[in-house]
Amino acid sequence: RNGRGGMGFSVGAEDNMLIIFLPRGSYKELCANLASADFYAGAGFDFETAEINSASGDMDIGAVVTGSLSAHSASGDMRVGGLELDSIELDTASGDIELGDISCGIIEIQSTSGDIELRDVSCGSLEVQSASGAQQLYNVLCRAELRLESTSGDMRLERCDAASLELESTSGYI
């Protein structure tokens, strides 16, 4: 949506692909609701906010988002990289989550089943909750709180720091 209304598209048959080309530039909002499809938003676009919802399919987000990014998936991997923004909220029932080269205020991640990896992240606060799956953090710096919680998954932190650090695992290695 660019402030002048929205667009809607639908593809009904199996194995069809819908590719939408937009003029490079700045847009107020990116909103995508997908039933079963991969989603890619690459460099060259600026969005104030982005919300992506998918029942199944991988997400790859590299477009500039300056405000908030919210992505939800029942089944599919998520990759987010190269962003400087206010907040990130990611959740998936089944799928891996990768964040890299991120500068952000608040990051919240929830996963039922899948590995979570963060690399080169600077944030105000970070909260990660998972039922199962590894949580791996490399070079993650939080100005306030870094909180990791897992029911059955290992946690690994390398070159990470925070004003407050809380790690909790029921049956995983820390």
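This one's a predicted model, so the numbers in the text were calculated from it and none came from an experiment.

(A) Summary view of the overall build of the protein. Summing up its helical and strand segments, the protein has zero helices and eleven strands in all. Ordered by position from N to C terminus, the α and β elements of the protein give β-β-β-β-β-β-β-β-β-β-β. A globule of 174 residues ought to have a C-alpha radius of gyration of about 16 Å, and the protein, at 17 Å, matches this closely. In terms of its C-alpha atoms, the protein occupies a principal-axis envelope of roughly 45 × 35 × 20 Å. For the protein, the proportion of contacts with a sequence separation of at least 24, taken over those separated by at least 6, is 2%. Accessible surface, the protein: about 9,400 Å² in total, of which carbon and sulfur atoms supply 46%. Seen as two clouds, the 10 positive and the 29 negative side-chain charges of the protein have centres 7 Å apart.

(B) Layout of the environment of Ser-125. Assignment of secondary structure puts Ser-125 in strand 8 (residues 116-132). It is 8.5 Å that separates the C-alpha atoms of Ser-125 and Cys-104, two residues lying 21 residues apart in sequence.

(C) Up close: the pattern of salt bridges. All chains considered together, the criterion is met by eight salt bridges. A salt bridge links Glu-48 to Lys-28; its shortest N-O distance comes to 3.9 Å. Of this pair, Glu-48 sits in strand 3 (residues 45-56) while Lys-28 sits in strand 1 (residues 25-36), and the two are 20 residues apart along the sequence. Accessibility expressed as a relative area gives 41% for Glu-48, which makes it partly exposed. Across the pair Arg-156 and Glu-158 runs a salt bridge, and its minimum N-O distance is 2.3 Å. By relative accessible area, which is 45% here, Arg-156 ends up partly exposed. The structure contains a network of salt bridges with shared partners spanning Glu-127, Arg-147, Glu-149 and Glu-166.

(D) Looking closely at a nonpolar patch on the surface. Together, Leu-18, Ile-20 and Leu-22 make up a nonpolar patch on the protein surface, roughly 240 Å² of accessible area in all. Within the secondary structure layout, Leu-22 lies in the segment before strand 1. According to the relative accessible area criterion, Leu-22 is partly exposed, its value standing at 31%.

(E) Molecular detail of the pairing of strand 7 (residues 97-113). Bridge count between strand 6 (residues 78-94) and strand 7: 14 bridges; the pairing is parallel. In the strand pairing of strand 7, Arg-79 is matched with Glu-98. Across 14 bridges, the pairing between strand 7 and strand 8 is parallel. Residue Ser-111 lies in a different strand from strand 8, and its bridge partner there is Ser-130.

Reading guide: rules and limits
Residues numbered from 1 in each chain as written. Predicted model: local features only at pLDDT ≥ 70, side-chain atom pairs only at ≥ 80, totals over all residues. Heavy atoms only, no water. Helix = DSSP H or I, 4+ residues; strand = E, 2+ residues; numbered from the N terminus. Rg over C-alpha atoms; globule rule 2.2 N^0.38 Å. Contact = heavy atoms within 4.5 Å. Areas by Shrake-Rupley, 256 points an atom, 1.4 Å probe, with all protein chains shown as cover. Lys, Arg positive; Asp, Glu negative; His and termini not counted. Charge placed at Lys NZ, Arg CZ, Asp CG, Glu CD. Salt bridge = Lys/Arg side-chain N within 4 Å of Asp/Glu carboxyl O. Buried < 20%, exposed > 50% of the residue type's maximum accessible area, 1.4 Å probe, protein only. Patch = residues over 30% accessible without salt bridge, like charges linked within 9 Å, V, L, I, M, F, W, Y side chains within 5 Å. Pairing = 2+ DSSP bridges.

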